[in-house]
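# Descriptive structure summary
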Amino acid sequence: DLRDIKVKKINVLVTTVGGLTSPDILSALKNTGKYDVTLFGIDAFKFAVGKEFVDHFEVLSSSGCNELEFVHAIKELVLTHKIDVIIPCGNEDNLTLAKYRSLIPCIIMVGEYKDLAVAYDKAKVYSELKNSMPQHAPKYHVVRNYAGFLKAVKNLGYPNKRVVVKPRFGIGGRGVYILGGQFDFTKVFNSKPTNEYPYEFVDDILKNKGDFDDLIIMEYLSAPFYSAYSVCKNGKNIFTLSHIREWGNASQTFRGSVCYDETIEMIASQVISKFNLSYTNNMELAVSDNGRIVLFDLNPRIGASSGI
């Protein structure tokens, strides 16, 4: 009788619980049915939406401000509340906790720092894909000056084709722009804002900049947009579920059609092996103009919309 099985109690600490989709992740963790979960949440913002979905909430300064201060505060929480597992949500938290994992006396769902540092570098990821999985690699250029930008957009077919501009080390869809056609009155004032801008928008920003931090200029990809969520360990994929985005944006899906897709799982397994990933992992894929399924974003952490 399953009712006679003793449910294991477990204390789980989740970082950065202020995201739009945090309630979904926290609710899923709380209601696994297999564990009696006590959830502890932290965020740098005292009104973080996730505070209403955890049992205990505390404000901690961001890991991006002072890594060691963040780590020592986490260690104190672990010791005080007997935390069993930490689940980092957010790139900075993931990297910081991986770097200093030896200082924290509990399980942390992060891979090795050296592997994560590569997986968060879009230029290195795309280069590796181009070498080992060319059919799933995007067409791209890395640029660091205006002349390189002009050459890259032309090489990728602009203005006949749209292109994507984004930072090499971007986080959560920040700084991602699509270079498209001209704006008109209807598009500006009768539609919700998008991240698609005319060429002149980026051109005016970059032409007098001189050298700048690396930007990725990438081919534009089309629907269907796949989000793949994997559980893995030491480069071995355990399973992958995916969904096709129905409503949302490049960093968050609010409604999606959930499915098991063998092709997507095969791609995910190859990527996980190539970058030696562990624990939770999220990949974003879409379709090129010649019909290839292309990986355009690799997130070696729990995905923002994994609750879906």
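Our structure is the block above this text.
Presented here is a report on the structure given in the accompanying data block. Note that this is a predicted model, so its numbers are computed, not measured. (Residues numbered from 1 in each chain as written. Predicted model: local features only at pLDDT ≥ 70, side-chain atom pairs only at ≥ 80, totals over all residues. Heavy atoms only, no water.)

## Digging into the overall build of the protein chain
Within the protein chain, the regular secondary structure consists of nine helices and 15 strands. Over its C-alpha atoms the protein chain spans a radius of gyration of 21 Å, differing by no more than 12% from the 19 Å that the globule rule assigns to 308 residues. Expressed along its principal axes, the backbone C-alpha trace of the protein chain runs to roughly 65 × 40 × 40 Å. Burial analysis of the protein chain (308 residues in total) assigns 45% to the buried set. Sequence separation of 24 or more characterises 59% of the internal contacts of the protein chain that already satisfy a separation of 6 or more. Accessible surface, the protein chain as shown: approximately 16,200 Å² in total, 54% of it carbon and sulfur. On the protein chain, the mean spot of the 36 positive side-chain charges and the mean spot of the 34 negative ones are 3 Å from each other. (Helix = DSSP H or I, 4+ residues; strand = E, 2+ residues; numbered from the N terminus. Rg over C-alpha atoms; globule rule 2.2 N^0.38 Å. Buried < 20%, exposed > 50% of the residue type's maximum accessible area, 1.4 Å probe, protein only. Contact = heavy atoms within 4.5 Å. Areas by Shrake-Rupley, 256 points an atom, 1.4 Å probe, with all protein chains shown as cover. Lys, Arg positive; Asp, Glu negative; His and termini not counted. Charge placed at Lys NZ, Arg CZ, Asp CG, Glu CD.)

## Notes on the sheet that holds strand S13 (residues 253-259)
The pairing of strands in a sheet comes from backbone hydrogen bonds and takes either a parallel or an antiparallel form. A sheet is described by the order of its strands in space; here five strands give the open sequence S13-S12-S11-S14-S15, paired in antiparallel fashion. Edge strands, defined here as strands with exactly one partner in the open sheet, are S13 and strand S15 (293-299). Averaged over all pairs of adjacent strands, the angle between their axes in this sheet comes to 35°, without regard to strand direction. Across six bridges, the pairing between strand S14 (residues 279-287) and S15 is antiparallel. Residue pairing for S15: alanine 286 is matched across the bridge by valine 294. (Pairing = 2+ DSSP bridges. Axes fitted to C-alpha atoms, helices over the stretch in contact; angles between N-to-C directions.)

## A few points about the nonpolar core
With 31 residues, the main nonpolar core has Tyr126, Leu129, Met218, Val271, Met283, Leu285 and Leu298 as its most contacted residues. Elements with a minimum of two residues in this core: helix H5 (122-132), strand S10 (215-219), strand S11 (222-233), helix H9 (262-275), S14 and S15. Among the elements that take part in this core, H9 stands out by supplying six residues, more than any other. Each residue touching methionine 283, except ones within four places of it in the same chain, is listed here: Tyr226, Ser227, Ala228, Ala268, Val271, Ile272, Leu295, Asp297 and Leu298. Grouped together as the second largest cluster of nonpolar side chains are 20 residues, Phe70, Val71, Leu77 and Tyr120 included. (Core = buried A, V, L, I, M, F, W, Y, C linked by side-chain atoms within 4.5 Å.)

## What about a nonpolar patch on the surface?
There is a patch of nonpolar side chains on the surface, built from Val231, Ile238, Phe239, Leu241 and Tyr260 and spanning about 470 Å² of accessible area. The leading source of residues in the nonpolar patch is strand S12 (residues 236-248), at three residues. As for its placement among the helices and strands, tyrosine 260 is situated in the loop between S13 and H9. (Patch = residues over 30% accessible without salt bridge, like charges linked within 9 Å, V, L, I, M, F, W, Y side chains within 5 Å. Salt bridge = Lys/Arg side-chain N within 4 Å of Asp/Glu carboxyl O.)

## Comments concerning the side chain of arginine 168
For arginine 168, the position within the fold is in the loop between strand S7 (163-167) and strand S8 (177-180). Side chain to side chain, arginine 168 and aspartate 121 meet in a polar contact 2.8 Å long. In this view, arginine 168 contacts Tyr120, Asp121, Lys122, Ala123, Lys124, Asp214, Leu215 and Ile216; residues no more than four positions away in its chain are not counted. (Polar contact = N/O pair within 3.5 Å; in protein donor to acceptor, adjacent residues only side chain to side chain.)

## Focus on the packing of aromatic side chains
Overall, the coordinates contain ten aromatic pairs when judged by the stated rule. Here phenylalanine 149 and tyrosine 199 contribute two aromatic rings whose centre-to-centre distance is 5.9 Å and whose plane-to-plane angle is 15°, an arrangement assigned as stacked. With phenylalanine 149 in helix H6 (residues 146-155) and tyrosine 199 in helix H8 (residues 199-206), this residue pair connects regions lying 50 residues apart in the sequence. Each member of the aromatic cluster is reached from another via a ring pair, and the members are Tyr146, Phe149, Tyr158 and Tyr199. The ring centre of tyrosine 220 lies 4.2 Å from the NZ or CZ of arginine 162, which sits over that ring. In this arrangement the basic side chain of arginine 245 is found over the ring face of phenylalanine 225, its NZ or CZ atom lying 4.6 Å from the centre. (Phe/Tyr/Trp six-rings, centres within 6.5 Å; stacked < 30°, edge-to-face > 60°. Lys NZ or Arg CZ within 6 Å of the ring centre and 35° of its normal.)

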